[in-house]
Amino acid sequence: MTLQAEQARNVAHVLTAALPYIQRFTGKTVVIKYGGNAMVDEELKNSFARDIVLMKLVGINPVVVHGGGPQIGNLLQRLGKDSEFVQGMRVTDSETMDVVEMVLGGLVNKDIVNLINRAGGSAVGLTGKDGDLIHARKMKITANSPDLEATEIIDIGHVGEVESIDVSIVDMLVHGNFIPVIAPIGVGKDGRSYNINADLVAGKMAEILQAEKLILLTNITGLLDKDGGLLTGLNAERVDELIADGTIHGGMLPKIGCALEAVKTGVNSAHIIDGRVAHAVLLELFTDEGVGTLIRRR
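An unreviewed UniProt entry lists the chain under the name Acetylglutamate kinase, from endosymbiont of Escarpia spicata. On record in UniProt, under Subcellular location (unreviewed entry), the comment for the chain is "Cytoplasm".

Below, the structure written as structure tokens:
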């Protein structure tokens, strides 16, 4: 058998192996939070775009929610403005919020849309301000006062959390054969714009859409046990135990909390996957092994 024939045979094998998964997920919605290394490495950016286009072509409905923290930080630095963080949240005054909107709603969002369209898809970029999509409220950060007898509210400016989502525009795009690409900016009742953590927006979007899956791309292999081994095939009860015993801690807590909330409110499964792996989304969807941590409802 020639090399070309062997390669063709391998392609056919891959396609037939993926068939049961394609059949299972056709017509279903998958919400993907896109960020981390997958968002800055050119090869990974292109493989992500092709993954999304392939999903749409085989009948799956991808909805992309993206971050952009490093890009915001880089532009603020170029403008001579320091970034300040409180409990992992960027302090966002009015000037910083202008930069956030420009980077997330403009540069990053349109770059992702362009990548998907160049790969053969039909993507449409949105922020939470479009079509009254994301209603936000100001996030309240509390910290213990020095006297340890009370807590104080720390004002971190235009940082919000999701109050509600109106998915009418997303449904319209999905059923019109488009791929929504959403920047996590919401609007409060006061008319102000708010910067919202992309994981939180993706989780809430998956919940409201009753998505089949929520996929969160990260810069690590997934959720690890205390010995550094990958944990997967977890249910909500097991995740609660891992939080209680300290296995899940620090920066992983909000991400796990978002995934856990999604599966508890109707999403069939949540996946925390390694975005540093080319075609990570397809590997998670169409193989038994996957490339990260799977959390199921039960």
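Having seen it, we continue.
S.K.: What is the right way to read the packing of aromatic side chains from this model?
M.R.: Aromatic ring pairs: the centre-centre distance and the angle between the two ring planes describe each pair. Following the criterion strictly, the structure yields one aromatic pair and no others. The interplanar angle of 5° and the centroid separation of 3.8 Å between the aromatic rings of Tyr-34 and Phe-48 together place this pair among those described as stacked. Pair noted here: Tyr-34 is in strand β1 (residues 29–34) and Phe-48 is in helix α2 (residues 42–57), with a separation of 14 residues, a long-range link. Judged by its relative accessible area of 1%, Tyr-34 falls in the buried class. With relative accessibility at 5%, the residue Phe-48 sits in the buried group.

S.K.: Where do I start with the nonpolar core in this structure?
M.R.: A general feature of soluble globular proteins is that nonpolar side chains tend to end up buried together. Counting 44 residues, the largest nonpolar core has Val-31, Leu-133, Val-170, Ile-182, Met-205 and Leu-214 as its most contacted members. For Met-205, the contacting residues outside a window of four places in its chain are Val-31, Val-63, Leu-133, Ile-165, Val-167, Val-170 and Ile-182.

S.K.: Would you mind going over the environment of Met-139 with me for this structure?
M.R.: Tracing the chain through its elements places Met-139 in the loop between β6 (134–138) and β7 (141–144). Residue classification places Met-139 among the buried positions, given a relative accessible area of 10%. In this structure, the C-alpha to C-alpha distance between Met-139 and Met-97, residues 42 residues apart in sequence, is 14 Å. Every residue in contact with Met-139, bar those within four places of it in the chain, is listed here: Met-89, Val-159, Gly-160, Glu-161 and Leu-200.

S.K.: Please explain the side chain of Arg-90 as it appears in this structure.
M.R.: On the secondary structure map, Arg-90 appears in strand β4 (residues 89–90). The charged side chain of Arg-90 is buried without a salt bridge, its nearest counter-charge being Asp-93 at 9.7 Å. One polar contact links Arg-90 to Ser-83, side chain to side chain, over a distance of 2.8 Å.

S.K.: Sorry, what's going on with the environment of Glu-95 here?
M.R.: When you line up the elements, Glu-95 lands in helix α4 (residues 94–118). When the C-alpha atoms of Glu-95 and Gly-203 are compared, they prove to be 28 Å apart, with 108 residues separating the residues in sequence. Side-chain polar atoms of Glu-95 contact the side chain of Lys-81, separated by 3.1 Å.

S.K.: Hey, could you run me through the UniProt feature "binding site: substrate" (unreviewed entry) in the chain in this one?
M.R.: The feature "binding site: substrate" (unreviewed entry), as annotated in UniProt, sits at Gly-68, Gly-69, Arg-90 and Asn-195 in this numbering. In summary, the annotated positions, though distributed over 128 residues, converge in three dimensions, the widest C-alpha pair being only 11.9 Å. Residue position: Gly-69 is located in helix α3 (residues 69–78). Its relative accessible area of 30% is what places Gly-69 among the partly exposed residues. Exposure remark for Arg-90: the relative accessible area of 10% places this residue in the buried category.

S.K.: Help me out: how do you make sense of the packing of α2 against α4 in this one?
M.R.: Two elements in contact, α2 and α4, have axes separated by 8 Å at closest approach and are oriented at 65°. The interaxial crossing formed by α2 with α4 has right-handed handedness. Counting all contacts with α2, which are made through Lys-45, Asn-46, Ala-49, Ile-52 and Val-53, the residues of α4 involved are Asp-111, Leu-115 and Ile-116. Residues of the contact of α2 with α4, tallied by class, amount to five nonpolar, one polar and two charged.

Rules used throughout
Residues numbered from 1 in each chain as written. Predicted model: local features only at pLDDT ≥ 70, side-chain atom pairs only at ≥ 80, totals over all residues. Heavy atoms only, no water. UniProt positions renumbered as here; feature names shortened; annotations may be inferred. Phe/Tyr/Trp six-rings, centres within 6.5 Å; stacked < 30°, edge-to-face > 60°. Helix = DSSP H or I, 4+ residues; strand = E, 2+ residues; numbered from the N terminus. Buried < 20%, exposed > 50% of the residue type's maximum accessible area, 1.4 Å probe, protein only. Core = buried A, V, L, I, M, F, W, Y, C linked by side-chain atoms within 4.5 Å. Contact = heavy atoms within 4.5 Å. Lys, Arg positive; Asp, Glu negative; His and termini not counted. Salt bridge = Lys/Arg side-chain N within 4 Å of Asp/Glu carboxyl O. Polar contact = N/O pair within 3.5 Å; in protein donor to acceptor, adjacent residues only side chain to side chain. Axes fitted to C-alpha atoms, helices over the stretch in contact; angles between N-to-C directions. Left-handed = near helix turned anticlockwise from the far one by under 90°. Nonpolar A, V, L, I, M, F, W, Y, C, P; charged D, E, K, R; others polar.

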